[in-house]
Amino acid sequence: MQLYPVGIIGTGKYVPERVITNHDLEQMVDTNDEWIVTRTGIKERRMAAPDQATSDLAYHASVKALAAAGITAEELDLIIVATITPDMFFPSTACLLQDKLGAKKAAAFDLSAACSGFIYGLSTASSMIATGMYKHVLVVGAECLSRITDYTDRNTCILFGDGAGAVVLGQVPEGRGFKAFELGADGSGGELLNVRGGGSRMPSSEQSLADRSHFIYMAGSEVFKFAVRIMGGAAEEALRKADMDKSEIDLLVPHQANIRIIQSALNRLNLSEEKCMINLDRYGNVSAGSIPIALAEAVEQGRVKEGDRLVLVGFGGGLTWGAAVVVW
Ligand code: ACO
């Protein structure tokens with residue numbers, strides 16, 4: 001089996017125009033800007049317009065990623081959309097996106113690993129290109145979390161936002177590209193973070209609506225403890241597999257859930273904030289969208305140069321986690 005080096009050859013992001021500030025949330029639940037900023041670092045987040053769904057956000061991010069990669073949609077062999085807020089149960093959001101883009105030759109499927117979904121998608125796509133099965137794969141992390149957020153629950157509604165990030169993966173010169181992935185799951189923690197209603201165990205009903213079980217449930221402090229443990233741990237494991245030391249990291253692109261979780265990962269990796277991409281203050285937690293949005297923004301801001309060593313790392317519902325080491 002021939003193995004080709006695989007890397008990211010284009011990035012793009014899209015966030016909806018509407019901004020929801022902490023002061024807006026003060027009008028909805030018993031909270032305040034000071035609490036939200038000190039406990040999470042989040043100041044505002046975006047919310048999709050009523051006529052926008054996840055595939056629409058994914059489309060705008062993908063158009064930019066394709067332009068940055070210098071390829072057309074017809075040249076895509078596969079589209080993977082990581083999301084927990086698909087437009088509908090089926091067809092997949094990836095199929096809807098394939099049609100919008102006119103990517104006629106591309107296979108398409110969705111991938112569900114909550115906030116770790118984008119890293120799971122990168123590792124899947126990268127193996128397919130490395131073996132020569134495909135040449136160009138579009139990997140998107142896109143969410144309309146506002147559609148499953150309970151705006152009467154102050155424990156969760158302050159955290160989440162909508163948006164999409166996309167990357168095109170393809171062959172890169174020797175020495176560049178992905179060096180290692182670390183993926184993991186602990187299904188015993190599924191009770192800590194979920195949307196229980198609307199699936200095959202608890203189909204949508206008047207009762208499921210009354211119970212508000214079609215919204216995100218989260219045991220915040222349990223998830224927080226898990227996240228603090230796993231973010232640094234997953235990054236370290238991916239670095240070990242890549243035979244790299246944490247001192248070699250040029251930029252950490254972490255899942256944007258909570259500034260205190262990011263700071264604990266930075267402490268464990270002995271990194272300063274300058275070596276970390278942080279944009280949760282403006283977008284909140286966009287689940288599978290967080291890492292690709294942060295990556296695309298780092299590229300836009302000129303924070304990523306050829307040869308830089310990046311670590312992408314996330315955690316989320318499942319429970320799941322994932323980290324990737326990539327040389328730009
Ligand atoms: N405004 C004001 N007070 C609040 C709010 C709020 N929005 N939310 C909770 N409080 C109160 C609580 O009721 C509690 O009051 P009490 O002591 O009187 O009971 C107090 O503040 C402290 O609550 P904690 O939950 O202990 O606060 P904590 O410091 O743990 O912060 C938070 C809560 C921000 C949710 C934190 O636990 C967290 O970030 N958890 C991880 C979240 C996360 O990363 N989720 C990933 C999900 S991604 C995915 O897969 C979709």
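Note that this is a predicted model, so its numbers are computed, not measured.

Concerning the overall build of the protein chain
In step 1: Tallying secondary structure elements over the protein chain gives 10 helices and 13 strands in all.
In step 2: Computed over C-alpha atoms, the radius of gyration of the protein chain comes to 19 Å, within 12% of the 20 Å expected from 2.2 N^0.38 for 328 residues, which places it in the range of a compact globule.
In step 3: In terms of its C-alpha atoms, the protein chain occupies a principal-axis envelope of roughly 55 × 45 × 35 Å.
In step 4: Per-residue burial over the protein chain gives 56% buried out of 328 residues.
In step 5: Residue pairs in contact within the protein chain that sit at least 24 positions apart in sequence constitute 77% of those at least 6 positions apart.
In step 6: Surface exposure of the protein chain reaches about 13900 Å², of which carbon and sulfur atoms provide 50%.

What to know about the environment of threonine 156
In step 1: As for its position among the elements, threonine 156 is in the loop between strand E6 (137-144) and strand E7 (162-171).
In step 2: Taking C-alpha positions, threonine 156 is 12 Å from asparagine 194, a pair spaced 38 residues apart along the chain.
In step 3: Setting aside anything within four residues of it in sequence, one finds threonine 156 in contact with Asp150, Ile216 and Met218.
In step 4: Looking at threonine 156, its side chain comes within polar contact range of the side chain of aspartate 153, at 3.0 Å.

Concerning the site of the ligand
In step 1: Taken together, 24 residues lie near the ligand, and Thr31, Arg39, Cys115, Arg154 and Asn258 sit nearest.
In step 2: In the environment of the ligand, an oxygen atom lies 3.0 Å from a nitrogen or oxygen atom belonging to the side chain of arginine 260.
In step 3: Contact with the protein chains removes 75% of the 1000 Å² of surface that the ligand exposes when unbound.
In step 4: Mapped onto the shell around the ligand, the elements with two or more residues apiece are helix H2 (33-40), helix H7 (220-241), helix H8 (259-268) and strand E12 (309-316).
In step 5: Residue contributions to the shell around the ligand peak at 4 residues, all from H7.

Section: the pairing of strand E5 (residues 107-111)
In step 1: For strand E4 (residues 78-82) and E5, the ladder comprises 5 bridges, and the chain directions are parallel. Bridging from a neighbouring strand, alanine 82 pairs with leucine 111 of E5.
In step 2: One crossover worth recording links E4 to the parallel E5 by way of helix H4 (residues 93-101), and it is right-handed.

Focus: the packing of helix H3 (residues 54-69) against H4
In step 1: Remark: H3 packs on H4, axes separated minimally by 9 Å, with the N-to-C direction vectors making an angle of 55°. Considered as vectors, H3 and H4 are oriented oblique to each other. Of the two possible hands of crossing, H3 and H4 adopt the one that is right-handed. Here Thr54, Ser55, Asp56, Ala58, Tyr59, Ser62, Val63 and Leu66 of H3 lie close against H4, whose contacting residues are Thr93, Leu96, Leu97, Lys100 and Leu101.

Some thoughts on the pairing of E7
Regular strands show a simple pattern: their side chains alternate between the two faces of the sheet.
In step 1: By the criterion of burial, E7 is predominantly enclosed, with 9 of the 10 residues buried.
In step 2: Of the strand pairs in this sheet, strand E1 (residues 6-14) and E7 are connected by 8 bridges, and their pairing is antiparallel. Bridge pairing in E7 links isoleucine 8 to leucine 169.
In step 3: As paired elements, E6 and E7 share 8 bridges and run antiparallel to each other. Within the sheet, the bridge partner assigned to alanine 142 lies in E7 and is alanine 164.

A short note on the domain arrangement of the protein chain
In step 1: As assigned here, the protein chain comprises domain 1 (6-175) and domain 2 (178-327).
In step 2: The C-alpha-based centres of domain 1 and domain 2 are spaced at 14 Å.
In step 3: Facing the 52 residues of domain 1 at the interface are 49 residues of domain 2.
In step 4: Among the residues domain 1 hides against domain 2, the three largest losses belong to Lys13, Cys115 and Ile119. Together they make up 17% of the total.
In step 5: Residue lysine 13 pairs with glutamate 300 through a salt bridge whose shortest N-O separation is 3.1 Å.
In step 6: Where domain 1 packs against domain 2, one counts 20 residue pairs in polar contact (both at pLDDT 80 or more).
In step 7: Listed by contribution, the elements that provide at least two residues to the side of domain 1 that touches domain 2 are E1, H2, strand E3 (44-47), helix H5 (117-130), E6 and E7.
In step 8: Here the element with the most residues in the side of domain 1 that touches domain 2 is E7; it accounts for 7 residues.

Comments concerning the environment of isoleucine 278
In step 1: Following the sequence through the fold, isoleucine 278 ends up in the loop between H8 and helix H9 (280-283).
In step 2: Remark: the alpha-carbon pair of isoleucine 278 and glutamine 256, spanning 22 residues in sequence, is separated by 7.1 Å.
In step 3: Dropping the residues within four chain positions of it, isoleucine 278 is found in contact with Gln256, Ile259, Ile262 and Glu273.

Conventions we followed
Residues numbered from 1 in each chain as written. Predicted model: local features only at pLDDT ≥ 70, side-chain atom pairs only at ≥ 80, totals over all residues. Heavy atoms only, no water. Helix = DSSP H or I, 4+ residues; strand = E, 2+ residues; numbered from the N terminus. Rg over C-alpha atoms; globule rule 2.2 N^0.38 Å. Buried < 20%, exposed > 50% of the residue type's maximum accessible area, 1.4 Å probe, protein only. Contact = heavy atoms within 4.5 Å. Areas by Shrake-Rupley, 256 points an atom, 1.4 Å probe, with all protein chains shown as cover. Polar contact = N/O pair within 3.5 Å; in protein donor to acceptor, adjacent residues only side chain to side chain. Near = heavy atom within 4 Å. Pairing = 2+ DSSP bridges. Right-handed = clockwise from strand over helix to strand, strands pointing away. Axes fitted to C-alpha atoms, helices over the stretch in contact; angles between N-to-C directions. Parallel < 35°, antiparallel > 145°, perpendicular 65-115°, else oblique. Left-handed = near helix turned anticlockwise from the far one by under 90°. Domains from an automatic or database assignment. Buried area = accessible area lost by both parts, 1.4 Å probe. Salt bridge = Lys/Arg side-chain N within 4 Å of Asp/Glu carboxyl O.

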